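# Fold and contact review
Chain residues, written in single-letter form:
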Amino acid sequence: MFTLSLGNPNAESDLVIGGIPDHIPYENITWNTVTEPEYWNLKLYQMDFNDMIEKKQYAKKVSFSTLNQVLLPQKDFDQWWAFVSRVQICGTFEHRPACYCNSITEFAHISFQFDRYEYILKPESYIDVIPGKDQNICVFDILGYQNDETAPIVTLGLGFLRSFDVVFDLENGKIGIYSNQTGLVIDHGEHHGLSITW
């Protein structure tokens with residue numbers, strides 16, 4: 001068992017080998033069953049971008065990484081980007097998606113649901129703001145990638161890991177996730193897999 005605490009202000013270390021650090025209350029950890037233990041993958045029931053209703057989700061699995069970005073299969077990325085840029089002036093900034101903005105509050109929460117729990121990233125978790133003379137530039141830590149697999153994977157990078165502490169329990173085949181003050185969690189109970197509306 002090991003724990004990543006990359007964004008928790010109460011953590012003494014980014015990585016704890018052999019258990020769960022004292023700052024994480026065990027009873028507040030939400031546990032998800034690993035579908036592919038060799039890759040630490042979870043089944044992705046739903047991925048949502050705030051009020052984006054008309055979409056088809058291509059990604060079927062989730063993995064975790066210490067990359068800076070959230071990596072979406074290209075078809076999912078294209079839908080997200082069309083949603084974001086529908087009311088913004090957007091392009092790229094240093095090879096990353098970016099839009100002119102006044103505040104990151106102009107952008108949506110992003111949620112990922114595994115098993116019965118839905119984990120919600122606020123915009124500050126995946127957007128860097130570059131101050132400008134007349135207007136700021138909001139740069140996204142979200143990228144698309146080409147994927148020909150039958151079960152495309154979303155890779156959750158540092159944006160997710162700064163919002164949630166993640167516990168990898170190899171013995172029991174589970175991944176525990178704990179909100180470290182910036183991430184939000186919704187428990188769908190026995191009705192997991194159903195969507196919610198913001």
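Residues numbered from 1 in each chain as written. Predicted model: local features only at pLDDT ≥ 70, side-chain atom pairs only at ≥ 80, totals over all residues. Heavy atoms only, no water.

### A look at the overall build of the protein chain
We count it as follows: Per the convention used, a helix needs a DSSP run of H or I reaching at least four residues, while a strand needs a run of E reaching at least two, with both numbered from the N terminus. Using a 1.4 Å probe on the protein chains alone, a residue whose accessible area is under 20% of its type maximum counts as buried, one over 50% counts as exposed, and one in between counts as partly exposed. Should any heavy atoms of two residues lie within 4.5 Å, those residues are considered in contact. In this description, accessible areas are obtained by the Shrake-Rupley approach with a 1.4 Å probe, and a residue is regarded as covered only by the protein chains that are shown.
Of regular secondary structure, the protein chain possesses three helices and 18 strands. In the protein chain, which comprises 198 residues, the share counted as buried stands at 49%. Within the protein chain, contacts between residues at least 6 apart in sequence are counted, and of these 62% link residues at least 24 apart. About 10300 Å² of surface is accessible on the protein chain, with carbon and sulfur atoms providing 49% of the total.

### Some remarks on a positive patch on the surface
This is how it is decided: Put simply, a patch holds well-exposed residues, over 30% relative accessible area, that have no salt bridge, with like charges counted together within 9 Å and Val, Leu, Ile, Met, Phe, Trp or Tyr side chains within 5 Å. Between Lys or Arg on one side and Asp or Glu on the other, a salt bridge is scored when a side-chain nitrogen of the former is within 4 Å of a carboxyl oxygen of the latter. As used throughout, the charge tally considers Lys and Arg to be positive and Asp and Glu to be negative, leaving His and the chain termini uncounted. To locate a charge, take NZ of a lysine, CZ of an arginine, CG of an aspartate or CD of a glutamate.
On the surface, Lys43, Lys56, Lys60 and Lys75 cluster together into a patch of positive charge. In this fold, lysine 56 is placed in the loop between strand S5 (46-49) and strand S6 (61-64). Given the relative accessible area of 52%, lysine 56 is considered exposed.

### What to know about the pattern of salt bridges
Applying the stated rule across the entire model yields four salt bridges. With its nearest N and O atoms 2.9 Å apart, the salt bridge here joins lysine 61 to glutamate 36. Of this pair, lysine 61 sits in strand S6 while glutamate 36 sits in strand S3 (residues 30-36), and the two are 25 residues apart along the sequence. Relative accessible area serves as the criterion here: at 14%, lysine 61 is assigned to the buried category. Put simply, aspartate 187 and arginine 116 hold a salt bridge, and the shortest N to O gap is 2.8 Å. Taken together, the residues aspartate 187 in strand S18 (residues 184-187) and arginine 116 in the loop between strand S10 (110-114) and strand S11 (117-121) connect sequence positions 71 residues apart. The partly exposed category is assigned to aspartate 187, whose relative accessible area is 41%.

### As for the side chain of glutamine 88
Using the following cut-off: Polar contacts, as counted here, are pairs of nitrogen or oxygen atoms within 3.5 Å of one another; within protein the pair requires one atom able to donate a hydrogen and one able to accept it, and residues that are adjacent in sequence qualify only if both atoms are side-chain atoms.
Along the chain, glutamine 88 turns up in the loop between helix H1 (74-84) and strand S8 (90-93). Among the polar contacts made by the side chain of glutamine 88, one reaches the side chain of glutamate 106 at a distance of 3.4 Å. Leave out the neighbours within four places in its chain, and glutamine 88 touches Cys99, Tyr100, Glu106 and Phe107.

### Remarks on the packing of aromatic side chains
Put simply, the test is: Only rings of Phe, Tyr and Trp enter the pairing, Trp through its six-membered ring, and a pair is recorded when the two centres are within 6.5 Å. The plane angle decides the type: under 30 degrees is stacked, over 60 is edge-to-face, the rest tilted. Two thresholds decide whether a charge sits over a ring: the Lys NZ or Arg CZ must be within 6 Å of the ring centre and within 35 degrees of the ring normal.
Counting across every chain of the model gives 18 aromatic pairs. Seen from their ring centres, tyrosine 26 and tryptophan 31 are 5.9 Å apart, and the 45 degrees between their planes marks the pair as tilted. The exposure class assigned to tyrosine 26 is exposed, which follows from its relative accessible area of 52%. Between arginine 86 and the ring centre of phenylalanine 83, over which it is positioned, the NZ or CZ distance is 4.2 Å.

### Looking at the confidence of the model for the protein chain
So the rule is basically this: A residue's pLDDT is the confidence the predictor assigns to it, expressed on a 0 to 100 scale.
The predicted model of the protein chain averages 84 in pLDDT, with 88% of residues at 70 or higher. Within the protein chain, the element-level pLDDT minimum falls on S5, averaging 84, and the maximum on strand S13 (residues 136-140), averaging 95. Low pLDDT, under 50, characterises residues 191-198; the stretch is placed with 20 contacts to residues that sit more than four places away or in other chains.

### Remarks on the state of the cysteines
In a disulfide, the sulfur atoms of two cysteines are held together by a covalent bond. Rules: Whenever a pair of cysteine sulfur atoms sits within 2.5 Å, that pair is classed as a disulfide.
This structure, assessed with the given rule, holds two disulfides. Between the sulfur atoms of cysteine 101 and its disulfide mate cysteine 138 the distance is 2.1 Å. Because the torsion about its S-S bond is 90 degrees, the bridge between cysteine 101 and cysteine 138 counts as right-handed. Residue cysteine 101 is located in strand S9 (residues 96-101), and its partner cysteine 138 is located in strand S13; the two are separated by 37 residues in the primary sequence. Ordinal numbering of bonded cysteines along the protein chain defines a disulfide pattern of 1-2, 3-4.

### Description of the nonpolar core
Going by this rule: Each nonpolar core is a collection of buried residues, namely Ala, Val, Leu, Ile, Met, Phe, Trp, Tyr and Cys, held together in the definition by side-chain atoms within 4.5 Å.
Counting 43 residues, the largest nonpolar core has Phe64, Trp80, Phe112, Phe114, Val154 and Phe160 as its most contacted members. Considering every element that reaches this core, the biggest residue donor is H1, with five residues. When neighbours within four sequence positions are excluded, valine 154 is seen to be in contact with Leu44, Met47, Ala59, Lys61, Val62, Ser63, Val70, Leu71, Leu72, Pro73 and Phe112.

### Observations concerning the sheet that holds S8
To be explicit about the condition: In short, DSSP must find at least two bridges between two strands for them to pair. Angles here are taken between N-to-C directions and fall from 0 to 180 degrees, while the axes themselves are lines fitted to C-alpha atoms, restricted in helices to the stretch in contact.
Strand order in the open sheet formed by four strands is S8-S9-S13-S12, with antiparallel pairing between adjacent strands. Either end of the sheet is taken by a strand with one partner, and the two such strands are S8 and strand S12 (127-130). Pairs of neighbouring strands in the sheet enclose a mean axial angle of 35 degrees, with direction left out of account. Here S9 pairs with S13 via four bridges, running antiparallel. Its bridge partner being in S13, cysteine 99 is matched across the sheet by cysteine 138. The sheet strands contacting H1 are S8, S9 and S13, and the helix crosses S9 at an angle near 10 degrees.

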